[in-house]
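For reference, the chains in residue letters:
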Amino acid sequence: MLVLITYDVSTINKPGQRRLVRIAKTCLNYGQRVQNSVFECLVDPAQWTTLRAELLRLYKPEEDSLRFYFLGANWESKVEHHGTKDTPNLETGTLIV
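Keep in mind the model is a prediction, meaning the values are calculated, not measured.

A. Geometry of the packing of helix α1 (residues 14-28) against helix α2 (residues 45-58). Relative to each other, α1 and α2 sit at 175 degrees, their axes nearing to 10 Å. Judged by the inter-axis angle, α1 sits roughly antiparallel to α2. Mapping the contact onto sequence places Arg 19, Arg 22, Ile 23, Thr 26 and Cys 27 in α1 and Leu 51, Glu 54, Leu 55 and Leu 58 in α2. Taken together, the residues of the contact of α1 with α2 sort by class into 5 nonpolar, 1 polar and 3 charged.

B. Seen up close, the side chain of Arg 19. Along the chain, the position of Arg 19 falls in helix α1. The buried category is assigned to Arg 19, whose relative accessible area is 8%. Ignoring anything within four residues of it in the chain, the contact list for Arg 19 reads Val 9, Ser 10, Leu 58, Tyr 59, Lys 60, Glu 63 and Asp 64.

C. Focus on a positive patch on the surface. A surface patch of positive charge is lined by Lys 14, Arg 18, Arg 22, Lys 25 and Arg 57. Per-element accounting of the positive patch gives the leading share, 4 residues, to α1. With respect to the helices and strands, the residue Arg 57 is situated in helix α2.

D. Quick peek at α1. Under the 1.5 Å per step criterion, the end-to-end length of α1 is 21 Å for 15 residues, consistent within 8% with the ideal 21 Å. Those residues of α1 not exposed but buried are Gly 16, Arg 19, Ile 23, Ala 24, Thr 26 and Cys 27. Along α1, the residues classed as buried sweep out an arc of 160 degrees about the axis, all on the same side. Every exposed residue of α1 that faces more than 90 degrees away from the buried side is listed here: Lys 14 and Lys 25. Structurally, α1 contributes buried residues whose contacts are with β1 (2-8), β2 (32-35), β3 (38-42) and α2.

Calculation criteria
By convention here, each chain's residues receive numbers from 1 onward along its written sequence. Predicted model: local features are reported for residues with pLDDT of at least 70 only, side-chain atom pairs are reported and counted for 80 or more only, and whole-chain, interface and lining totals are derived from all residues. To get the side-chain values, take all heavy atoms of the structure and skip hydrogens and water. Interaxial angles span 0 to 180 degrees and are taken between N-to-C directions of axes, which are lines fitted to C-alpha atoms, for helices over the stretch in contact. Only DSSP runs of H or I reaching four residues or more are called helices, and only runs of E reaching two or more are called strands; each is numbered from the N terminus. Roughly parallel here means an angle under 35 degrees, roughly antiparallel means over 145, roughly perpendicular means 65 to 115, and every remaining angle is called oblique. The contact rule is simple, with two residues in contact once any of their heavy atoms fall within 4.5 Å. Asp, Glu, Lys and Arg are counted as charged, while Ala, Val, Leu, Ile, Met, Phe, Trp, Tyr, Cys and Pro are counted as nonpolar; the rest, among them Gly, fall into the polar class. We call a residue buried when its accessible area falls under 20% of the maximum for its residue type, exposed when it is over 50%, and partly exposed in between, using a 1.4 Å probe and counting protein chains only. Here a patch means residues that are over 30% exposed by relative accessible area and free of salt bridges, tied together within 9 Å if like-charged and within 5 Å if nonpolar (Val, Leu, Ile, Met, Phe, Trp, Tyr). Values of accessible area rely on a 1.4 Å probe in the Shrake-Rupley scheme; residue burial ignores everything except the protein chains shown. One side-chain nitrogen of Lys or Arg within 4 Å of one carboxyl oxygen of Asp or Glu is enough to make a salt bridge. His is not counted here, nor are the chain ends, while Lys and Arg score as positive and Asp and Glu score as negative. To locate a charge, take NZ of a lysine, CZ of an arginine, CG of an aspartate or CD of a glutamate. By this rule, a helix spans an expected 1.5 Å times one less than how many residues it contains. In this context, the arc is that of the directions from the helix axis out to the C-beta atoms.

The structure is reproduced here in C-alpha coordinates:
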(Lines give C-alpha, C1' and ligand atoms only; values in the text may rest on other atoms or scores of the structure.)
Protein backbone atom coordinates (compact mmCIF):
# COMPACT_ATOMS: atom_id res chain seq x y z
CA MET A 1 0.00 0.00 0.00
CA LEU A 2 1.12 3.55 -0.63
CA VAL A 3 1.12 5.90 2.34
CA LEU A 4 1.81 9.59 1.93
CA ILE A 5 3.47 10.98 5.05
CA THR A 6 3.69 14.69 5.79
CA TYR A 7 5.09 16.38 8.84
CA ASP A 8 5.73 19.76 10.37
CA VAL A 9 8.35 19.74 13.12
CA SER A 10 9.09 22.73 15.30
CA THR A 11 12.75 23.63 14.78
CA ILE A 12 13.06 26.67 17.04
CA ASN A 13 15.47 24.78 19.31
CA LYS A 14 18.16 22.09 18.97
CA PRO A 15 15.94 19.18 20.14
CA GLY A 16 13.39 20.12 17.46
CA GLN A 17 16.09 20.26 14.80
CA ARG A 18 17.26 16.78 15.85
CA ARG A 19 13.66 15.46 15.75
CA LEU A 20 13.28 16.83 12.22
CA VAL A 21 16.40 14.97 11.05
CA ARG A 22 15.35 11.74 12.78
CA ILE A 23 11.84 11.84 11.34
CA ALA A 24 13.18 12.51 7.84
CA LYS A 25 15.71 9.67 8.11
CA THR A 26 13.02 7.29 9.34
CA CYS A 27 10.81 8.18 6.37
CA LEU A 28 13.76 7.75 4.00
CA ASN A 29 14.23 4.21 5.31
CA TYR A 30 10.77 3.32 4.00
CA GLY A 31 10.12 5.59 1.05
CA GLN A 32 10.97 8.40 -1.31
CA ARG A 33 11.04 12.11 -0.47
CA VAL A 34 8.80 13.93 -2.95
CA GLN A 35 8.90 17.36 -1.29
CA ASN A 36 10.74 18.75 1.73
CA SER A 37 8.45 17.27 4.38
CA VAL A 38 6.49 14.85 2.21
CA PHE A 39 7.30 11.19 1.61
CA GLU A 40 5.68 8.45 -0.47
CA CYS A 41 6.16 5.10 1.25
CA LEU A 42 5.23 1.84 -0.45
CA VAL A 43 4.93 -0.55 2.50
CA ASP A 44 3.29 -3.79 3.50
CA PRO A 45 1.15 -3.92 6.67
CA ALA A 46 4.04 -5.06 8.89
CA GLN A 47 6.34 -2.31 7.60
CA TRP A 48 3.57 0.25 8.06
CA THR A 49 3.06 -0.81 11.69
CA THR A 50 6.77 -0.40 12.37
CA LEU A 51 7.10 2.89 10.49
CA ARG A 52 4.06 4.42 12.20
CA ALA A 53 5.29 3.36 15.65
CA GLU A 54 8.74 4.84 15.00
CA LEU A 55 7.32 8.17 13.83
CA LEU A 56 4.86 8.42 16.71
CA ARG A 57 7.73 7.73 19.11
CA LEU A 58 9.91 10.46 17.57
CA TYR A 59 7.55 13.41 17.27
CA LYS A 60 6.31 15.70 20.08
CA PRO A 61 2.52 16.05 19.76
CA GLU A 62 2.49 19.37 21.60
CA GLU A 63 4.96 20.90 19.11
CA ASP A 64 4.87 18.84 15.89
CA SER A 65 2.35 17.50 13.40
CA LEU A 66 2.25 14.20 11.51
CA ARG A 67 -0.28 13.34 8.79
CA PHE A 68 -0.75 9.98 7.08
CA TYR A 69 -2.71 9.61 3.82
CA PHE A 70 -3.54 6.07 2.77
CA LEU A 71 -3.63 5.72 -1.00
CA GLY A 72 -3.91 1.94 -0.94
CA ALA A 73 -2.79 -0.68 -3.43
CA ASN A 74 -4.24 1.02 -6.54
CA TRP A 75 -2.45 4.27 -5.90
CA GLU A 76 -1.29 4.88 -9.50
CA SER A 77 -4.71 6.23 -10.48
CA LYS A 78 -4.81 8.49 -7.41
CA VAL A 79 -1.54 10.36 -7.94
CA GLU A 80 -1.10 13.03 -10.58
CA HIS A 81 2.21 14.86 -10.85
CA HIS A 82 3.17 18.02 -12.75
CA GLY A 83 6.37 20.01 -12.60
CA THR A 84 10.09 19.72 -12.46
CA LYS A 85 10.83 16.71 -10.29
CA ASP A 86 10.70 13.25 -11.81
CA THR A 87 8.12 10.87 -10.42
CA PRO A 88 9.90 7.76 -9.13
CA ASN A 89 8.41 4.38 -9.89
CA LEU A 90 8.04 3.01 -6.39
CA GLU A 91 7.21 -0.49 -7.56
CA THR A 92 10.11 -1.12 -9.94
CA GLY A 93 12.56 1.60 -9.08
CA THR A 94 15.56 0.98 -6.90
CA LEU A 95 15.25 2.35 -3.40
CA ILE A 96 18.58 2.69 -1.64
CA VAL A 97 18.34 2.47 2.13
